[in-house]
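This is what each chain is made of:
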Amino acid sequence: MFADAPHLLKLLRNYVLDEGVRLPGGGLVNKDLMTDVLGIDGDKEFKMLPKLGVKSHIEVKGQARQKVRPAAQLLSSSVATALEMFHPEKKEEADFIRLCDSVFDVLNGHSPGDAKPLKRGLGHADSPQLQVLADFEQLIQTMQIGTRTTLLPFQQGFLMSIKSVRGLMEDSKSRYGPGTYILPGKVNQDI
């Protein structure tokens, strides 16, 4: 059973903005932090995050919350890098954002020849994709949404998808041999 990875990412973004995510080490990723990161560029001519804006990525309402691209851009490696550069004390938060980007790449991989290695086929036992899945699985179980103490359905969806990806990979390799790989983006997308 696979949950739709883009939908999970949008839900994660929504919870970050609406309630905040408390990380295991005490860090907090919320609307204030994201607004601060996007404010780094200000009115500069050369911007670190030229595609991102407060109105289009943080103050999202109604149908705008259904768009995948702004959610993926907000929880991206570029935002993590900007946060690390301008707020080095926010390492845990930057690592969280980077891990969100990485797990989305793994769960949404479509091509074995993709330029981003994490989006390539998943099949080798020592692949970096498996480490990303393991790291995110641990994080999703230990992070806290707002003041809640139980896992929300989207967190359970991530866990279910991670378990399913691993199972599908193991099953495919046992049936078709060691050179087999899977493209998780092909099994979790709405057509």
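Residues numbered from 1 in each chain as written. Predicted model: local features only at pLDDT ≥ 70, side-chain atom pairs only at ≥ 80, totals over all residues. Heavy atoms only, no water.

A.B. asks: Where do I start with the overall build of the protein in this structure?
C.D. replies: Assigned secondary structure in the protein consists of eight helices and three strands. Listing each helix as α and each strand as β along the protein from the N terminus yields α-β-β-α-α-α-α-α-α-β-α. Here the protein has a C-alpha radius of gyration of 17 Å; the compact-globule value for 191 residues is 16 Å, and the two agree. Projected onto the principal axes, the alpha-carbon positions of the protein cover approximately 55 × 40 × 35 Å. Among the 191 residues that make up the protein, the fraction classed as buried is 46%. If you take every contact in the protein between residues at least 6 apart in sequence, the share linking residues at least 24 apart comes to 64%. (Helix = DSSP H or I, 4+ residues; strand = E, 2+ residues; numbered from the N terminus. Rg over C-alpha atoms; globule rule 2.2 N^0.38 Å. Buried < 20%, exposed > 50% of the residue type's maximum accessible area, 1.4 Å probe, protein only. Contact = heavy atoms within 4.5 Å.)

A.B. asks: What should I look at first to understand a nonpolar patch on the surface in this one?
C.D. replies: There is a patch of nonpolar side chains on the surface, built from Met48, Met85 and Phe86 and spanning about 280 Å² of accessible area. Among the structural elements, Met85 can be located in helix H5 (residues 77–86). Met85 sits in the exposed class, given a relative accessible area of 54%. (Patch = residues over 30% accessible without salt bridge, like charges linked within 9 Å, V, L, I, M, F, W, Y side chains within 5 Å. Areas by Shrake-Rupley, 256 points an atom, 1.4 Å probe, with all protein chains shown as cover. Salt bridge = Lys/Arg side-chain N within 4 Å of Asp/Glu carboxyl O.)

A.B. asks: It is not clear to me how the sheet that holds strand S2 (residues 28–29) should be interpreted in this structure. Could you clarify?
C.D. replies: Strand pairs in the sheet, formed through backbone hydrogen bonds, run parallel or antiparallel to each other. Read from one edge of the open sheet, three strands run S2-S1-S3, paired in antiparallel fashion. Pairing within the sheet leaves two strands with one partner each, and these edge strands are S2 and strand S3 (144–145). One ladder, built from two bridges, connects strand S1 (residues 21–22) with S3; its direction is antiparallel. Each bridged residue has a counterpart across the sheet, and for Val21 the counterpart in S3 is Ile145. (Pairing = 2+ DSSP bridges.)

A.B. asks: What am I meant to see in the pattern of salt bridges here?
C.D. replies: Pairs can form between side chains of opposite charge once their charged atoms are near each other. Applying the stated criterion to the full structure yields nine salt bridges. Of the charged contacts, one joins Arg65 and Asp18 as a salt bridge, the two residues approaching to 2.6 Å between their closest N and O atoms. With Arg65 in the loop between helix H3 (54–57) and helix H4 (68–74) and Asp18 in helix H1 (residues 5–18), this pair connects stretches of sequence that are 47 residues apart. On the accessibility criterion, Asp18 (48% relative accessible area) is partly exposed. Here the salt bridges share partners, and the residues they tie into one network are Asp101, Asp105 and Lys116.

A.B. asks: It is not clear to me how the packing of aromatic side chains should be interpreted in this structure. Could you clarify?
C.D. replies: Each aromatic ring pair is characterised by the separation of its centres together with the angle its planes make. Within this structure, the stated rule accounts for three aromatic pairs. A ring pair is formed by Tyr15 and Phe154, whose centres lie 5.1 Å apart and whose planes are at 10°; its orientation type is stacked. On the criterion of sequence distance, the pair formed by Tyr15 in helix H1 and Phe154 in helix H8 (residues 153–176) is long-range, its members being 139 residues apart. Judged by its relative accessible area of 3%, Phe154 falls in the buried class. (Phe/Tyr/Trp six-rings, centres within 6.5 Å; stacked < 30°, edge-to-face > 60°.)

A.B. asks: Looking at this model, I keep getting lost on the nonpolar core. Mind explaining?
C.D. replies: In a soluble, globular protein the nonpolar side chains are often hidden away together inside. Ranked by size, the top nonpolar core spans 53 residues in total, and within it Leu12, Met34, Phe96, Leu133, Phe136, Met143 and Phe158 carry the most contacts. Counting only elements with at least two residues in this core, the list comes to H1, helix H2 (31–38), H4, H5, helix H6 (91–107), helix H7 (128–142) and H8. The greatest single-element share of this core, amounting to nine residues, is contributed by H6. In this view, Phe136 contacts Leu12, Leu99, Cys100, Val103, Phe158 and Ile162; residues no more than four positions away in its chain are not counted. (Core = buried A, V, L, I, M, F, W, Y, C linked by side-chain atoms within 4.5 Å.)

A.B. asks: What am I meant to see in H2 here?
C.D. replies: Structural remark: α-helix, 3.6 residues per turn; residues separated by three or four positions point the same way. Listed as buried for H2 are Leu33, Met34, Val37 and Leu38. All buried residues of H2 fall inside an arc of 130° around its axis, so they share one side. Residues of H2 that are buried in the fold lie against H1, S2, H3, H4, H5 and H6. Taking the backbone nitrogen of Asp32 as reference, a side-chain oxygen 3.2 Å away marks Asn30 as the first, capping residue of H2. (Arc of directions from axis to C-beta. Polar contact = N/O pair within 3.5 Å; in protein donor to acceptor, adjacent residues only side chain to side chain.)

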